[in-house]
Amino acid sequence: MENLLEQLLRLLIPVCELMGAAVVAVSVAAAFVRWLRLLLTGRVGDVQFRLAAGLALSLEFKMAAEILKTVLIRELHELLTLGIIILLRAVLSGLIHWEMHHYEKEAKP
């Protein structure tokens, strides 16, 4: 049973990481296209907010993969490394959410 769980996680973890990378790629491409449209039309839009939302979602997928990795940890140094990675991603996610909240406050008159 433990072996089956380990094999399942070794498949699921890269899938979560790929989903996070895909969200970044799609978010960046969509933000760039949106920015070009706004540049050509001269209108104002929320490119920065939408890109930040995509990056935050991507970090959630990446953090999910890191949390799943905790099941596979065998040694203390692996746990410390993983803990630092999770902490850094959590800080990044918090900063992005703070920026989004700040952007929403500025956008509302």
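For the structure, see preceding data.
Quick summary incoming for the structure in this document. (Residues numbered from 1 in each chain as written. Predicted model: local features only at pLDDT ≥ 70, side-chain atom pairs only at ≥ 80, totals over all residues. Heavy atoms only, no water.)

## Focus: the environment of A29
- Structurally, A29 can be placed in helix α1 (residues 2-41).
- Here A29 falls in the partly exposed class, since its relative accessible area comes to 42%.
- For A29 and H102, which are 73 residues apart along the polypeptide, the C-alpha to C-alpha distance reads 23 Å. (Helix = DSSP H or I, 4+ residues; strand = E, 2+ residues; numbered from the N terminus. Buried < 20%, exposed > 50% of the residue type's maximum accessible area, 1.4 Å probe, protein only.)

## Remarks on the environment of Q48
- Here Q48 lies in helix α2 (residues 47-69).
- Expressed as a C-alpha distance, the spacing of Q48 and L82, which sit 34 residues apart in the sequence, is 30 Å.
- Residues in contact with Q48, not counting those within four places in the same chain, are E99 and Y103.
- Side-chain polar atoms of Q48 contact the side chain of E99, separated by 2.9 Å. (Contact = heavy atoms within 4.5 Å. Polar contact = N/O pair within 3.5 Å; in protein donor to acceptor, adjacent residues only side chain to side chain.)

## Quick notes on α2
- Over its 23 residues, α2 extends 33 Å from the first C-alpha to the last, a length consistent with the 33 Å expected when each residue adds 1.5 Å.
- Of the residues making up α2, those classed as buried are V47, A52, G54, A56, S58, L59, M63, A65 and E66.
- Contact partners of the buried residues in α2: α1 and α3 (76-107). (Expected span 1.5 Å × (residues − 1).)

## Quick notes on the packing of α2 against α3
- One can describe the packing of α2 onto α3 by two numbers: an axis separation of 9 Å at closest approach and a directional angle of 160°. One way to sum up the angle between α2 and α3 is to call them roughly antiparallel. Note on packing geometry: the crossing formed by α2 with α3 is left-handed.
- A breakdown of the residues in the contact of α2 with α3 according to their chemical character gives 16 nonpolar, three polar and seven charged. (Axes fitted to C-alpha atoms, helices over the stretch in contact; angles between N-to-C directions. Parallel < 35°, antiparallel > 145°, perpendicular 65-115°, else oblique. Left-handed = near helix turned anticlockwise from the far one by under 90°. Nonpolar A, V, L, I, M, F, W, Y, C, P; charged D, E, K, R; others polar.)

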